[in-house]
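Working through the structure, step by step
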Amino acid sequence: MHLVPGHSRTPSFPLDGIKCVLESFFIMANQPLPLSQETLAQFNRSMSTEPGASGPPRRRLGSISTRRSSKDQSKDQPHHRPLFLRSMTLPSSESSFLSPTVSNSHISMGKRFSFAGWHQGGRVSFSGLYLQQPIQEVYVENTYRMGPEPGCRFNASRTQQILQATLDSYLEGVCYSPDSCSQLCQMLADLVLSKLKDVNPPRYKVVCQVVVGQSGKQGIRVSSRSLMNPNTDNYTSAVFHNHSLFAVALVHGLYFE
Amino acid sequence: MEEFHSGDEVSFSPDEASNVVKECIEGIIGGVDYSQNKVNQWTASIVEHTLTQLVKQGKPFKYIVNCAVMQKSGAGLHTANSCYWDTTTDGSCTVRWENRTMYCVVSVFAVAIAL
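Everything numeric in this text was worked out from a predicted model, so none of it was measured. (Residues numbered from 1 in each chain as written. Chains lettered and ligands numbered in written order. Predicted model: local features only at pLDDT ≥ 70, side-chain atom pairs only at ≥ 80, totals over all residues. Heavy atoms only, no water.)

1. Some words on the pairing of strand β4 (residues 102-112) of chain B
Residue and element names in this part refer to chain B. Our working definition: For every residue, the accessible area obtained with a 1.4 Å probe (protein chains only) is divided by the maximum for its type, and the residue is called buried under 20%, exposed over 50%, and partly exposed between those limits. Only DSSP runs of H or I with at least four residues qualify as helices, and only runs of E with at least two residues qualify as strands; both kinds are numbered from the N terminus onward. Note: two strands are recorded as paired if DSSP finds a minimum of 2 bridges between them.
Counting buried positions along β4 gives eleven out of eleven residues, so the element sits mostly inside the fold. Covered by surrounding structure in β4 are M102, C104, V106, V108, A110 and A112 together with Y103, V105, S107, F109 and V111, the residues of both alternating faces. Strand direction decides the pairing type here: strand β1 (residues 61-71) and β4, joined by eleven bridges, are antiparallel. Paired with M70 across the two strands is Y103, which belongs to β4. Looking at chain direction, strand β3 (residues 91-98) and β4 are connected through eight bridges and run antiparallel. Its bridge partner lying in β4, V95 is registered against V106. Counting the residues in the hairpin turn of β3 and β4 gives three residues.

Written out as structure tokens, the structure is:
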């Protein structure tokens with residue numbers, strides 16, 4: 001797979017329970033294509049149409065991380081945008097439905113696409129970048145399952161222990177510093193998530209939030225309320241503080257059919 | 001349990017949610033100063049009101065609403081979140097609000113449920 005240098009490859013997501021969608025080759029010009037995130041953002045901006053969730057749904061279990069600090073209000077990142085980007089990597093052995101008629105369909109959309117080359121049956125976007133193979137739809141059989149299995153619920157106490165241990169080990173002796181703490185916060189959230197993914201029972205979605213602040217004379221209160229199914233879902237939290245900083249971590253586990 | 005691919009799949013709209021959140025915050029701590037006694041009931045009412053407003057929209061989502069209120073004293077505050085979910089249907093939105101004496105950060109996470 002040939003990629004333009006300077007563009008990072010997107011990480012591949014775990015394949016368990018994923019339904020992939022066969023992408024039709026007669027694609028609308030404004031439908032997002034599987035590209036790396038930067039090129040896709042560029043593509044979407046230049047299209048200046050809303051990259052809506054049109055077409056068959058594609059379910060992905062992927063991680064999204066965000067960061068917010070109290071001081072930078074001016075940089076309001078379009079934080080919801082990545083949700084519409086469906087960048088995927090695929091094994092290159094997937095068969096492609098490429099046909100010569102694709103060029104006609106593109107032109108009929110009102111855009112001129114330059115087909116710079118057809119290496120290994122790869123498609124090219126309007127900007128000349130090579131696109132990845134289309135995603136094959138995988139149909140999963142019905143499991144006829146109404147709820148999680150008896151031993152497979154979200155274990156709040158075990159999660160709490162993991163959370164507390166992670167916070168303690170990671171933040172022991174760390175001093176608050178305004179430049180590095182935003183990255184520390186993000187890293188902590190990702191670290192907790194990766195640890196939880198190992199112990200997580202199947203069919204559970206996880207939301208993890210970390211708040212880190214400087215320990216001063218101020219008061220702070222963090223509260224959370226959620227609308228969820230008490231039979232299957234749960235949450236835990238852990239707090240850490242030392243002389244210079246404090247950290248609060250919240251984890252919610254939500255069952256999904 | 002058959003899943004209906006009716007094509008009517010709703011995805012979370014962060015803009016709508018952030019408007020709801022902003023109105024709730026304004027309504028509760030709009031013109032007041034930080035007070036240690038009251039902050040408890042402020043955060044509780046912010047999350048409760050936000051949650052009820054979101055539920056009133058009638059969308060098929062589970063919600064998590066998180067609120068942090070901090071007094072302004074020159075100290076720094078960072079929040080981060082990391083989520084393992086279906087990126088096509090689920091989403092989150094974070095709203096930062098401040099006045100003269102305090103910061104308020106509210107995060108809303110919406111997780112789709114299969115109908």
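2. Looking at the packing of helix α1 (residues 14-29) of chain B against helix α2 (residues 39-56) of chain B
Residues and elements named next belong to chain B. Convention followed: Working convention: axes come from line fits to C-alpha atoms, limited for helices to the stretch in contact. Angles between N-to-C directions cover 0 to 180 degrees. It is the rotation of the near helix from the far one that decides the hand of a crossing: anticlockwise by less than a right angle makes it left-handed, clockwise makes it right-handed. It only takes one pair of heavy atoms within 4.5 Å for two residues to be counted as in contact. Residue classes follow a fixed rule: Ala, Val, Leu, Ile, Met, Phe, Trp, Tyr, Cys and Pro count as nonpolar, while Asp, Glu, Lys and Arg count as charged, and any other residue, Gly among them, counts as polar.
Here α1 crosses α2 at 145°, and the two axes come no closer than 9 Å. Note that α1 runs across α2; the crossing there is right-handed. Of the residues in α2, those touching α1 at A17, V20, V21, C24, I25, I28 and I29 are W42, S45, I46, H49, T50, Q53 and L54. A per-class count over the contact of α1 with α2 returns ten nonpolar, four polar and no charged.

3. Here's the deal with helix α4 (residues 178-199) of chain A
Stated precisely, the cut-off is as follows: To estimate the expected span of a helix, count its residues, drop one, and scale the result by 1.5 Å.
Compared with the 32 Å implied by 1.5 Å per residue over 22 residues, the 33 Å span of α4(A) between its first and last C-alpha is a close match. For α4(A), every residue scored as buried is listed here: C181(A), S182(A), L184(A), C185(A), Q186(A), L188(A), A189(A), V192(A), L193(A) and L196(A).

4. Looking at the pairing of strand β5 (residues 245-255) of chain A
Residues and elements named next belong to chain A. Burial of β5 is extensive: eleven of the eleven residues sit out of reach of the surface. Along β5, one buried face is formed by L245, A247, A249, V251, G253 and Y255 and the opposite face, lined by F246, V248, L250, H252 and L254, is buried too. In this sheet, β5 lies alongside strand β2 (residues 204-214) in antiparallel orientation, the contact comprising eleven bridges. In the sheet register, V210 faces β5, and the bridge partner there is A249. Summarising the sheet, strand β4 (residues 234-241) and β5 pair through eight bridges and their orientation is antiparallel. What sits directly across from T236, in β5, is V251. Hairpin geometry of β4 and β5 is characterised by an intervening segment of three residues between the two adjacent antiparallel strands.

5. Focus on the packing of aromatic side chains
Which entries qualify depends on this criterion: Pairs were defined over the aromatic rings of Phe, Tyr and Trp, the Trp ring being its six-membered one, requiring ring centres within 6.5 Å. Orientation was assigned from the angle between planes: stacked under 30 degrees, edge-to-face over 60, tilted for the rest. Cation placement over rings: the criterion is NZ of Lys or CZ of Arg within 6 Å of the ring centroid and within 35° of the ring normal.
Applying the stated rule across the entire model yields five aromatic pairs over all chains. Relative to Y63(B), the ring of F61(B) has its centre 6.2 Å away and its plane inclined at 50°; by these criteria the two rings are tilted. Each member of the pair, F61(B) together with Y63(B), is buried. These aromatic residues form a ring-pair network of at least three members: F154(A), Y204(A) and Y255(A). Across the ring face of F256(A), the terminal group of K205(A) is positioned such that the distance to the ring centre comes to 3.9 Å.

6. Points about the sheet that holds β1(B)
Strands pair in a sheet through their backbones, by hydrogen bonds, and they do so in one of two ways: parallel or antiparallel. Spatially, the four strands line up as an open sheet ordered β3(A)-β1(B)-β4(B)-β3(B), and their pairing is antiparallel. The open sheet is flanked by β3 (220-227) of chain A together with β3 of chain B, the only strands paired with a single partner. Averaged over all adjacent pairs, the angle separating strand axes in this sheet is 10°, with direction ignored.

7. Examining α2(B)
With 18 residues, α2(B) ought to run about 26 Å at 1.5 Å a step, and its terminal C-alpha atoms sit 26 Å apart, in line with that. In this fold, the buried residues of α2(B) make contact with β3 of chain A together with α1, β1 and β4 of chain B. At the C-terminal side of α2(B), G58(B) shows a positive phi close to 75°.

8. As for the packing of helix α3 (residues 156-171) of chain A against α4(A)
All names here are of chain A. Between α3 and α4, whose axes approach to 10 Å, the crossing angle comes to 145°. Viewed along their axes, α3 and α4 form a crossing whose handedness is right-handed. On α4, the residues touching R158, T159, I162, L163, T166, L167, Y170 and L171 of α3 are L184, M187, L188, L191, V192, K195, L196 and V199. Split into classes, the residues belonging to the contact of α3 with α4 amount to twelve nonpolar, two polar and two charged.

9. Quick look at the environment of D90(B)
All names here are of chain B. Just so we agree on the cut-off: Between N or O atoms, a polar contact is any pair within 3.5 Å; within protein, one atom must be a potential hydrogen donor and the other a potential acceptor, and residues adjacent in sequence are included only when both atoms are from side chains.
Inspection of the secondary structure assignment puts D90 in the loop between β2 (77-86) and β3. For D90, a relative accessible area of 1% gives the class buried. For the pair formed by D90 and V10, sequence separation is 80 residues and the distance between their alpha carbons is 9.3 Å. Of note is the side chain of D90, whose polar atom sits 2.6 Å from the backbone nitrogen of A112.

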